Amino acid sequence: MRALRARWVPFKAGKPVARATAIASALLVSVVLIPGGLQMIRGGNQPFGWGTDHPAMLWVVWGAALGGATLGYYLRRRGTCGHCARG
């Protein structure tokens with residue numbers, strides 16, 4: 001299985017990046033986005049206006065989609081099972 005190569009990662013440009021690094025960072029961001037979006041939905045009457053409130057409410061959808069994509073990436077890139085030998 002080929003290693004993930006990211007050109008945009010500082011100090012690692014073009015070098016292999018561990019799968020756990022990509023998965024952990026994506027999960028961290030998705031876990032932060034969902035409560036942030038829920039907070040904006042609950043307290044949406046902020047004096048900042050619709051330009052800041054309403055787009056932030058979509059963080060819930062974005063966080064859920066990022067979490068689902070991360071789970072799919074993990075399931076696709078994991079190795080074979082030691083017990084049943086399925087991938």
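Conventions we followed
Residues numbered from 1 in each chain as written. Predicted model: local features only at pLDDT ≥ 70, side-chain atom pairs only at ≥ 80, totals over all residues. Heavy atoms only, no water. Helix = DSSP H or I, 4+ residues; strand = E, 2+ residues; numbered from the N terminus. Buried < 20%, exposed > 50% of the residue type's maximum accessible area, 1.4 Å probe, protein only. Contact = heavy atoms within 4.5 Å. Areas by Shrake-Rupley, 256 points an atom, 1.4 Å probe, with all protein chains shown as cover. Expected span 1.5 Å × (residues − 1). Arc of directions from axis to C-beta. pLDDT = per-residue confidence, 0-100. Axes fitted to C-alpha atoms, helices over the stretch in contact; angles between N-to-C directions. Parallel < 35°, antiparallel > 145°, perpendicular 65-115°, else oblique. Left-handed = near helix turned anticlockwise from the far one by under 90°. Nonpolar A, V, L, I, M, F, W, Y, C, P; charged D, E, K, R; others polar.

What follows deals with the overall build of the chain. Within the chain one finds 3 helices and 2 strands. Starting at the N terminus and ending at the C terminus, the chain contains elements arranged as β-β-α-α-α. The buried share of the chain, taken over its 87 residues, is 17%. The long-range fraction of contacts in the chain, counting pairs at least 24 apart against all pairs at least 6 apart in sequence, stands at 39%. Of the roughly 6900 Å² that the chain leaves accessible, carbon and sulfur atoms contribute 66%.

The next subject is helix H3 (residues 59–77). Helical geometry: 3.6 residues make up each α-helical turn, so side chains three or four residues apart lie on a common side. If you check H3, its first and last C-alpha atoms are 26 Å apart, about what 19 residues at 1.5 Å a residue would give, namely 27 Å. Considered for burial, the residues of H3 that qualify are Gly63, Gly67 and Thr70. Projected down its long axis, H3 shows its buried positions confined to an angular sector of 65 degrees, all on one face. Residues of H3 that are exposed and angled more than 90 degrees away from the buried face: Val61, Trp62 and Arg76. The inward-facing, buried residues of H3 contact helix H1 (19–42).

Our focus in this paragraph is the environment of Ile34. Mapped onto the elements, Ile34 comes out in helix H1. Classification of Ile34 as partly exposed rests on a relative accessible area of 28%. The sequence separation of Ile34 and Trp59 amounts to 25 residues, and the corresponding C-alpha distance is 6.0 Å. In contact with Ile34, not counting residues within four places along its chain, are Trp59, Val60, Gly63 and Ala64.

Let us look at the confidence of the model for the chain. When the pLDDT values of the chain are averaged, the result is 82; 82% of them are 70 or greater. Mean pLDDT values over the elements of the chain span from 68, in strand E1 (residues 4–5), up to 93, in H3.

Right, let's talk about the packing of H1 against helix H2 (residues 50–57) for a bit. Contact pair H1 / H2: the axes reach a minimum separation of 8 Å and the direction vectors enclose 130 degrees. One element, H1, and the other, H2, form an angle in the oblique class. Crossing hand, H1 versus H2: left-handed. Of the residues in H2, those touching H1 at Gly37, Met40 and Ile41 are Thr52, Asp53, Ala56 and Met57. Across the contact of H1 with H2, the residue classes tally to 4 nonpolar, 2 polar and 1 charged.

This brings us to the packing of H1 against H3. One can describe the packing of H1 onto H3 by two numbers: an axis separation of 7 Å at closest approach and a directional angle of 160 degrees. Classified by the angle between their axes, H1 and H3 sit roughly antiparallel to one another. Both H1 and H3 take part in a crossing whose hand is left-handed. Contacts between H1 and H3 involve Arg19, Ile23, Ala26, Leu27, Val29, Ser30, Leu33, Ile34, Gly36, Gly37, Leu38 and Ile41 from the former and Trp59, Val60, Trp62, Gly63, Ala64, Leu66, Gly67, Thr70, Tyr73, Tyr74 and Arg77 from the latter. Here the residues of the contact of H1 with H3 sort into 15 nonpolar, 6 polar and 2 charged.

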